[in-house]
Amino acid sequence: MARATTTQRKALNTALAWGVGLLIFFPILWTILTSFKTEAQAIADPPVFLFFDWTLENYAAVQERSNYGRFLWNSVVIAGGSTLLGILFAVPAAWSMAFVPSNRTKDILLWMLSTKMLPAVGVLYPIYLIFIKMGLLDSKLGLVVVLMLINLPIIIWMLYTYFKEIPGEILEAARMDGASLREEVLYILTPMAIPGIASTLLLNVILAWNEAFWTLNLAAAKAAPLTAFIASYSSPEGLFYAKLSAASTMAIAPILILGWFSQKQLVSGLTFGAVK
């Protein structure tokens, strides 16, 4: 029998969950609040939280200094392109490992995961030279390829986990009905794994959006995304915390909106599926 949960315990668990959530979100909240302060208020001691003179001058200064739209477009292209390209490679790879495994499948999965343990700076120099030779330095295409390769192990691992939960008998029935391999992957496997693919897409968009090491080292002006946009506000004269916070808020706003929208869509889809 299921254990009865008292009202007090539910209230305690809810309060604890909200507390942990607010603690995790507090740095983002503080950045957003600081973006509406003056530079003097941003470095005030003791710090001011809500009761200060709110201003939009930092956002105006950021807009005058930088072409925010160009950086935003570069981030959208790089994050979206690397994720979609990674999905194209990862779906067949995860399918073969989940439904046609070999004796080396587990070794390959562990090997792919081990590549994430390699410090990025260890391969920066050869990749930099390759980019110079191929003319990919400071190009969106080059960053799309690099970020796709970096996140490909995570994409394959996540899709492999979701595919393993799909009964193999369904795919066998499709083969008996005459479905080809292409039809099996496109019309049988992919629709059943849409929640897993959507979660994988969202996670890898966030990872690519927040990637700073490769974007700062392989892009200069034409392909610079929002990570370079934020880094440009760290100058030898010192940190301008209010303007830096405004730039950071403008950089994270699209991904926060995307996360909120995706969560709403996921909850609606799960609710609709349960009712149906």
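What you see is a predicted model, and the numbers here were worked out from it, not measured in a lab.

Some points on the overall build of the protein chain
Line of reasoning, step 1. Counting its regular elements, the protein chain contains 13 helices and 2 strands.
Line of reasoning, step 2. Along the first, second and third principal axes, the C-alpha atoms of the protein chain reach 70 × 65 × 30 Å.
Line of reasoning, step 3. Taking all 276 residues of the protein chain together, 33% fall into the buried category.
Line of reasoning, step 4. The contacts of the protein chain with a sequence gap of at least 6 include a subset with a gap of at least 24, amounting to 74%.
Line of reasoning, step 5. For the protein chain, the computed accessible surface area is about 17200 Å², with 70% contributed by carbon and sulfur atoms.
Line of reasoning, step 6. If the 18 positive side-chain charges of the protein chain are averaged to one point and the 15 negative ones to another, these points end up 4 Å apart.

Some details on the packing of aromatic side chains
Line of reasoning, step 1. With the rule as written, the count across this model stands at 9 aromatic pairs.
Line of reasoning, step 2. Ring pairs connect the aromatic residues F36, F52, W54 and Y59, which therefore count as one cluster.
Line of reasoning, step 3. We note K37 situated over the ring of W30; from NZ or CZ to the ring centre the distance is 4.1 Å.
Line of reasoning, step 4. Above the face of the F71 ring, R70 is positioned so that its terminal group lies 4.5 Å from the ring centre.

As for the environment of T115
Line of reasoning, step 1. One can find T115 in the loop between α5 (105-114) and α6 (124-134).
Line of reasoning, step 2. In this structure T115 comes out as partly exposed when scored by relative accessible area, which is 35%.
Line of reasoning, step 3. Distance in space between the C-alpha atoms of T115 and E165 is 25 Å, their sequence separation being 50 residues.

Quick notes on a nonpolar patch on the surface
Line of reasoning, step 1. On the surface, F26, F49, L50, F51 and W54 cluster together into a nonpolar patch covering about 580 Å² of accessible area.
Line of reasoning, step 2. Among the structural elements, F26 can be located in helix α1 (residues 7-34).

Considering the packing of helix α9 (residues 181-192) against helix α10 (residues 194-210)
Line of reasoning, step 1. Where α9 contacts α10, the axes come no closer than 5 Å and their chain directions differ by 70 degrees. The pairing of α9 with α10 is recorded here as roughly perpendicular in orientation. For the pair formed by α9 and α10, the contact residues are T190, P191 and M192 on the first element and I194, P195 and I197 on the second.
Line of reasoning, step 2. For the contact of α9 with α10, a count of residues per class yields 5 nonpolar, 1 polar and no charged.

Comments concerning the nonpolar core
Line of reasoning, step 1. The biggest cluster of nonpolar side chains holds 32 residues, and the ones touching the most others in it are V62, L143, W214, L218, L226, F229 and Y233.
Line of reasoning, step 2. Contributing elements (two or more residues each) for this core: α3 (57-65), α4 (68-99), α6, α7 (140-164), α10, α11 (213-218), α12 (226-231) and α13 (241-275).
Line of reasoning, step 3. By size, the runner-up hydrophobic cluster in this structure holds 24 residues, among which are A98, F99, Y160 and I197.

Let's talk about the packing of α4 against α10
When two helices pack together, their arrangement is given by the angle between their axes and by how far apart the axes lie.
Line of reasoning, step 1. Following both chains from N to C, one finds α4 and α10 inclined at 135 degrees, their axes separated by 9 Å at the closest point. Put simply, α4 runs oblique to α10. Handedness of the crossing formed by α4 with α10: right-handed. Only I197, T200, L201, N204, V205, A208 and W209 of α10 make contact with α4, whose side of the interface consists of L72, S75, V76, A79, S82, T83, L84 and I87.

Concerning unusual backbone geometry
Working note: non-glycine residues mostly have negative phi, and peptide bonds are mostly trans.
Line of reasoning, step 1. The omega torsion across D45 and P46 is 5 degrees, close enough to zero to call that bond cis.
Line of reasoning, step 2. Within the secondary structure, P46 is located in the loop between α2 (39-42) and α3.
Line of reasoning, step 3. Positive phi values are uncommon outside glycine, yet D138 reaches one of about 60 degrees.
Line of reasoning, step 4. Position of D138 relative to the elements: it lies in the loop between α6 and α7.
Line of reasoning, step 5. Judged by its relative accessible area of 13%, D138 falls in the buried class.

Regarding the environment of E184
Line of reasoning, step 1. When you line up the elements, E184 lands in helix α9.
Line of reasoning, step 2. With 149 residues separating them in the primary sequence, E184 and S35 have C-alpha atoms 51 Å apart.
Line of reasoning, step 3. What E184 contacts, discounting residues up to four positions off in sequence, is W95, L171, R175 and L189.

What to know about the pattern of salt bridges
Line of reasoning, step 1. Considering all chains together, one arrives at 3 salt bridges under this definition.
Line of reasoning, step 2. R104 serves as the salt-bridge partner of D107, at 3.3 Å between the closest nitrogen and oxygen.
Line of reasoning, step 3. Linking R175 and E184 is a salt bridge whose minimum nitrogen-to-oxygen distance equals 3.0 Å.

Definitions and cut-offs
Residues numbered from 1 in each chain as written. Predicted model: local features only at pLDDT ≥ 70, side-chain atom pairs only at ≥ 80, totals over all residues. Heavy atoms only, no water. Helix = DSSP H or I, 4+ residues; strand = E, 2+ residues; numbered from the N terminus. Buried < 20%, exposed > 50% of the residue type's maximum accessible area, 1.4 Å probe, protein only. Contact = heavy atoms within 4.5 Å. Areas by Shrake-Rupley, 256 points an atom, 1.4 Å probe, with all protein chains shown as cover. Lys, Arg positive; Asp, Glu negative; His and termini not counted. Charge placed at Lys NZ, Arg CZ, Asp CG, Glu CD. Phe/Tyr/Trp six-rings, centres within 6.5 Å; stacked < 30°, edge-to-face > 60°. Lys NZ or Arg CZ within 6 Å of the ring centre and 35° of its normal. Patch = residues over 30% accessible without salt bridge, like charges linked within 9 Å, V, L, I, M, F, W, Y side chains within 5 Å. Salt bridge = Lys/Arg side-chain N within 4 Å of Asp/Glu carboxyl O. Axes fitted to C-alpha atoms, helices over the stretch in contact; angles between N-to-C directions. Parallel < 35°, antiparallel > 145°, perpendicular 65-115°, else oblique. Nonpolar A, V, L, I, M, F, W, Y, C, P; charged D, E, K, R; others polar. Core = buried A, V, L, I, M, F, W, Y, C linked by side-chain atoms within 4.5 Å. Left-handed = near helix turned anticlockwise from the far one by under 90°.

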